[in-house]
Amino acid sequence: MTLTCQQLLQKHTQEWQEATVHPFLVQCKLGTIQQNQFNTWLVQDYLFVVDFTRMVGRILANAPSQHFDVILGGLVALKDELNWFKEKAALQKLDLDTQKQLTCSEYCDYMNSLAAMPYPVQATAFWAIELAYNQGWQLPGVMPEPYTEFADRWGNPGFTNYVKLLEQQADQGLQTASESIQHQAEEAFLKVARLEKDFWQMAFNAA
Ligand SMILES: Cc1ncc(CN)c(N)n1
């Protein structure tokens, strides 16, 4: 039987809920998140996005050419996102030339390790990583300033549409994948869910 992204979400609702609903996001919505918590997230997420961009570049190298359009669009958006992070950090006088915290390092190491995995596994992880932020920032609803633009960056309808296209590409890859590769894709989904949960907690712990 063929595995799909929707099946993964249905089978692992608890893990996915923990990846996308966290006190960090609830407190952004309430406006009660502490500056130190938010700034920790900002710097560590910039460091994450640097390695995420490298991962997407490697996925492009493995993808069938029919998938280039969506992935190249994602890379263009990441160029903008990296510059946006730098602007936000400069406004808060945050040093981006900082060490990764352990959780951020673990997540980046995992993204690097995906290089050795088959394309359907990479495409599933790519979709899950983007969906986690799309849903995570969207679920609490409209956020107050200064968090509005952060929630909007990953929660906006254009980003939702991009994530749907990533889902279609991952499903296409999974359609012809062996059972063993489908199993690896499921493991990748669960790993992303756990790392997302830990990433929110890492920033939250900075209180
Ligand atoms: C931890 C994390 N996960 C996902 C995303 C969305 N690219 C992000 N910026 N940071």
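On a predicted model such as this, the values are computed, not experimentally measured, just so you know. (Residues numbered from 1 in each chain as written. Predicted model: local features only at pLDDT ≥ 70, side-chain atom pairs only at ≥ 80, totals over all residues. Heavy atoms only, no water.)

A. Geometry of the environment of Gln172. Take Gln172: it is sitting in helix H9 (residues 157–175). For Gln172, a relative accessible area of 44% puts it in the partly exposed group. With 49 residues separating them along the chain, Gln172 and Ala123 place their C-alpha atoms 9.5 Å apart. (Helix = DSSP H or I, 4+ residues; strand = E, 2+ residues; numbered from the N terminus. Buried < 20%, exposed > 50% of the residue type's maximum accessible area, 1.4 Å probe, protein only.)

B. Region of the structure containing the layout of surface pockets. Its volume calculated, the largest pocket comes out at about 200 Å³. Residue lining of the largest pocket: Gln35, Phe38, Asn39, Leu42, Lys88, Leu91, Gln92, Pro146, Tyr147, Glu149 and Phe150, and that is the complete set. Sorting the residues of the lining of the largest pocket by element identifies helix H4 (35–62), helix H5 (68–91) and helix H8 (148–155) as the ones contributing at least two each. For the lining of the largest pocket, the element with the highest residue contribution is H4, accounting for four residues. In terms of residue class, the lining of the largest pocket is built from six nonpolar, three polar and two charged. (1 Å grid on protein atoms, 1.4 Å probe; cavity = no way out; pocket = protein on both sides within 12 Å on 5 of 7 lines; lining within 4 Å. Points joined across faces, edges and corners; volume = space filled by probe spheres on them. Nonpolar A, V, L, I, M, F, W, Y, C, P; charged D, E, K, R; others polar.)

C. Structural detail: the environment of Val76. Tracing the backbone shows Val76 in helix H5. Spatially, the C-alpha atoms of Val76 and Met55 are 14 Å apart, while their sequence positions differ by 21 residues.

D. Molecular detail of the site of the ligand. The ligand sits among Asp45, Phe48, Val49, Phe52, Tyr107, Ile129, Glu130, Tyr133, Trp154, Glu196 and Phe199. The contact in question runs from a nitrogen atom of the ligand to an N or O atom on the side chain of Tyr133, over 3.3 Å. At 2.7 Å from a nitrogen atom of the ligand is found a side-chain nitrogen or oxygen belonging to Glu196. Its free accessible area being 290 Å², the ligand has 100% of it covered by the protein chains. Counting atoms within 2 Å of the grid points, the majority share of the ligand lands in the largest cavity. (Near = heavy atom within 4 Å. Polar contact = N/O pair within 3.5 Å; in protein donor to acceptor, adjacent residues only side chain to side chain. Areas by Shrake-Rupley, 256 points an atom, 1.4 Å probe, with all protein chains shown as cover. Sits in = over half its atoms within 2 Å of the grid points.)

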